[in-house]
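Each chain, letter by letter, is given below.
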Amino acid sequence: MFLQTFNEVWLTYLNSFSINNKIATIVWIFADAPIFFIPIFLIVTWVLLNYKKKWDKKEEILIIFYSTIIWIVFALIIQHLVHMDRPENYIKTTWKLLLKHIPDASFPSDHATVSFAFLTSLYFANYKKVFYAFLPFVCIMLLSRVIAWVHWPLDIVVWTIIWIFSSYITFKYLKKLEIIKKINKLILKIASFVKL
């Protein structure tokens, strides 16, 4: 009951900012746009590393990709076990409903999962400049998703903390697994054969 009250109070408060048209426009753009940076970064970095012939660094890009995928799968499993409707299905009064979302599970947030799994992996792969440059956009995106009533505040806050910790563990131990080393070797061999 306390958690639901917390969610509703903060959701209503944050949504009240959407009466400002500039904030509403920022929310509408940033609720999804930053997530597209992730595949762009992975592809562009892979191509640049290939061009510079830094083969060892390509393995780190694969680990960042794996870490992100693992936690997406984990989030999907949790969504099937613990179903929570999105806020728009619960609350009838709103300052402004900015985004109409498909009626799927709200908990945990896919965007929080993907973005913080990716960010944590970036940090531990020593892409710290990219980490710090992308972090504000991720925070704006996640805040925008609450303001737009796509997620409850705790969908973002609680799972962001968990994904950071989990991604740290994944990134630290994933590259030490023999199966991962073999998969990486195979992928790099295929990529080299097709000049990627």
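Residues numbered from 1 in each chain as written. Predicted model: local features only at pLDDT ≥ 70, side-chain atom pairs only at ≥ 80, totals over all residues. Heavy atoms only, no water.

Engineer: I keep staring at the packing of helix α2 (residues 21–30) against helix α6 (residues 128–147) and nothing clicks. Help me out?
Structural biologist: Geometrically, a packed helix pair is captured by the angle between its two axes and the distance between the axes. Axis separation between α2 and α6 bottoms out at 8 Å; the angle between their running directions is 110°. For the element pair α2 / α6, the angle class is roughly perpendicular. Between α2 and α6, the contacting residues are Ile26, Val27 and Phe30 on the first element and Phe137, Ile140, Met141, Ser144 and Ile147 on the second. Taken together, the residues that form the contact of α2 with α6 break down as seven nonpolar, one polar and no charged. (Axes fitted to C-alpha atoms, helices over the stretch in contact; angles between N-to-C directions. Helix = DSSP H or I, 4+ residues; strand = E, 2+ residues; numbered from the N terminus. Parallel < 35°, antiparallel > 145°, perpendicular 65-115°, else oblique. Contact = heavy atoms within 4.5 Å. Nonpolar A, V, L, I, M, F, W, Y, C, P; charged D, E, K, R; others polar.)

Engineer: Would you take a moment to explain the packing of aromatic side chains for this structure?
Structural biologist: Note on aromatic pairs: each is described by the distance of the centres and the angle between the planes. The tally for this structure, following the rule as stated, stands at 11 aromatic pairs. Ring geometry for phenylalanine 37 and phenylalanine 118: centres 6.4 Å apart, planes at 75°, overall edge-to-face. In this pair, phenylalanine 37 sits in helix α3 (residues 37–51) while phenylalanine 118 sits in helix α5 (residues 110–124), placing the two residues 81 residues apart along the sequence. Residue class for phenylalanine 37 comes out partly exposed when judged on its relative accessible area of 30%. Put simply, the rings of Phe37, Phe41, Phe118, Tyr127 and Phe134 touch in pairs and so form one group of aromatic residues. The ring centre of tyrosine 127 lies 5.9 Å from the NZ or CZ of lysine 57, which sits over that ring. One residue, lysine 128, lies across the ring of tyrosine 123, its end atom 4.7 Å from the ring centre. (Phe/Tyr/Trp six-rings, centres within 6.5 Å; stacked < 30°, edge-to-face > 60°. Buried < 20%, exposed > 50% of the residue type's maximum accessible area, 1.4 Å probe, protein only. Lys NZ or Arg CZ within 6 Å of the ring centre and 35° of its normal.)

Engineer: Would you mind going over the nonpolar core with me for this structure?
Structural biologist: The nonpolar side chains of a soluble globular protein tend to be buried with one another. Counting 31 residues, the largest nonpolar core has Ile61, Ile64, Phe118, Leu122 and Tyr127 as the members making the most contacts within it. Residue assignment for this core shows that the elements contributing at least two residues are α3, α4 (55–81), α5, α6, α7 (153–174) and α8 (178–193). Among all residues touching isoleucine 61, those that are not within four sequence positions of it are Phe41, Leu42, Thr45, Trp46, Leu49 and Tyr127. (Core = buried A, V, L, I, M, F, W, Y, C linked by side-chain atoms within 4.5 Å.)

Engineer: Could you clarify how one ought to interpret the side chain of asparagine 50 in this entry?
Structural biologist: Mapped onto the fold, asparagine 50 is located in helix α3. When its relative accessible area of 18% is taken as the criterion, asparagine 50 is described as buried. If sequence neighbours within four positions are ignored, asparagine 50 has contacts with Trp55, Lys58, Lys195 and Leu196.

Engineer: Got a minute to help me understand the pattern of salt bridges in this structure?
Structural biologist: A side chain with one charge can pair with a side chain of the opposite charge if their charged atoms come near. Evaluation of the coordinates by the stated rule reveals two salt bridges. Across the pair glutamate 60 and lysine 57 runs a salt bridge whose closest N-O atoms are separated by 3.7 Å. Of this pair, glutamate 60 and lysine 57 both sit in helix α4, three residues apart, roughly one helical turn. Lysine 57 sits in the partly exposed class, given a relative accessible area of 31%. (Salt bridge = Lys/Arg side-chain N within 4 Å of Asp/Glu carboxyl O.)

Engineer: I tried to follow the environment of lysine 172 on my own but got confused; where do I start?
Structural biologist: Counting through the fold element by element, lysine 172 comes out in helix α7. Separated by 51 residues in the primary sequence, lysine 172 and serine 121 place their C-alpha atoms 9.0 Å from one another.

Engineer: What exactly am I supposed to notice about the environment of leucine 76 here?
Structural biologist: With respect to the element layout, leucine 76 can be found in helix α4. Look at leucine 76 and you get partly exposed, because its relative accessible area is 38%. For the pair leucine 76 and aspartate 110, spaced 34 residues apart in sequence, the C-alpha separation works out to 8.1 Å.

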